[in-house]
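Okay, here's what each chain looks like letter by letter:
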Amino acid sequence: MTRLAWALCVLTVAMAVVSVPLAAFNGENLIELVANHHAIGILDALVLAPIGALIVVGDRRHLLAWLLLVDGLVLAVFNFTQQYAPLALGLTPQGLSLPGGELASWLSSWTNVPGIVIGVVFLVLLFPDGRLPSRRWWPLGLAGVVALVV
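Here the structure is a predicted model, which is why all the values come from computation and not from measurement.

As for the confidence of the model for the protein
Reasoning step 1: Mean pLDDT over the protein stands at 91; residues scoring 70 or higher make up 100%.
Reasoning step 2: Mean pLDDT per element in the protein: helix H2 (residues 30-35) is the minimum at 87, and helix H1 (residues 2-25) is the maximum at 95.

Considerations on the environment of Ala147
Reasoning step 1: Inspection of the secondary structure assignment puts Ala147 in helix H7 (residues 138-149).
Reasoning step 2: With relative accessibility at 34%, the residue Ala147 sits in the partly exposed group.
Reasoning step 3: As for Ala147 and Pro50, which are separated by 97 residues in sequence, their C-alpha atoms are 26 Å apart.
Reasoning step 4: Residues within four places of Ala147 in sequence aside, it is in contact with Val113 and Val117.

Some remarks on the packing of aromatic side chains
Reasoning step 1: Evaluated as defined, the whole model comprises two aromatic pairs.
Reasoning step 2: Ring plane angle 10° and centroid distance 5.6 Å describe the contact between Phe80 and Tyr84, whose orientation is recorded as stacked. Linking Phe80 with Tyr84, this pair stays in helix H4 (residues 63-88), spanning four residues, or about one helical turn.
Reasoning step 3: You can call Tyr84 buried: its relative accessible area is 17%.

Notes on the packing of H1 against H4
Reasoning step 1: Where H1 contacts H4, the two axes come as close as 8 Å, and the packing angle between them is 30°. In terms of axis orientation, H1 runs roughly parallel to H4. Crossing geometry of H1 relative to H4 is assigned as left-handed.
Reasoning step 2: Looking at the contact of H1 with H4 residue by residue, the class counts come to 19 nonpolar, five polar and no charged.

Calculation criteria
- Residues numbered from 1 in each chain as written.
- Predicted model: local features only at pLDDT ≥ 70, side-chain atom pairs only at ≥ 80, totals over all residues.
- Heavy atoms only, no water.
- pLDDT = per-residue confidence, 0-100.
- Helix = DSSP H or I, 4+ residues; strand = E, 2+ residues; numbered from the N terminus.
- Buried < 20%, exposed > 50% of the residue type's maximum accessible area, 1.4 Å probe, protein only.
- Contact = heavy atoms within 4.5 Å.
- Phe/Tyr/Trp six-rings, centres within 6.5 Å; stacked < 30°, edge-to-face > 60°.
- Axes fitted to C-alpha atoms, helices over the stretch in contact; angles between N-to-C directions.
- Parallel < 35°, antiparallel > 145°, perpendicular 65-115°, else oblique.
- Left-handed = near helix turned anticlockwise from the far one by under 90°.
- Nonpolar A, V, L, I, M, F, W, Y, C, P; charged D, E, K, R; others polar.

Next up, the structure:
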């Protein structure tokens, strides 16, 4: 399980890091990267995944650690596909056409929602030990699950 956690962490960090030069190649400067909320997703992916992997080293069954890893991965996928899809579909001034543009476009259309829901609802709700504070928090947890599914 530790190897899986580190593999997810490396994949997440790689996608987040590659998103920045892809954005520059697409003509998006740093101000636009921040204004379009891509920078916060990239930074979240760069921070959450390593923290999750480090927690997994100490406790492989820690729910919060795996949620950190999944949240970072989903946000990295969102940011990478947001930059790759227009490039692959030939929608940038360069006019390139690369494989996987339709898949990247589809992933970029929905992967931000799970990333936001996991970060806003579950990471806050399950902090610090991966358990709900009490039974009365079940409705909020259930609402978060419904939001993830829908």
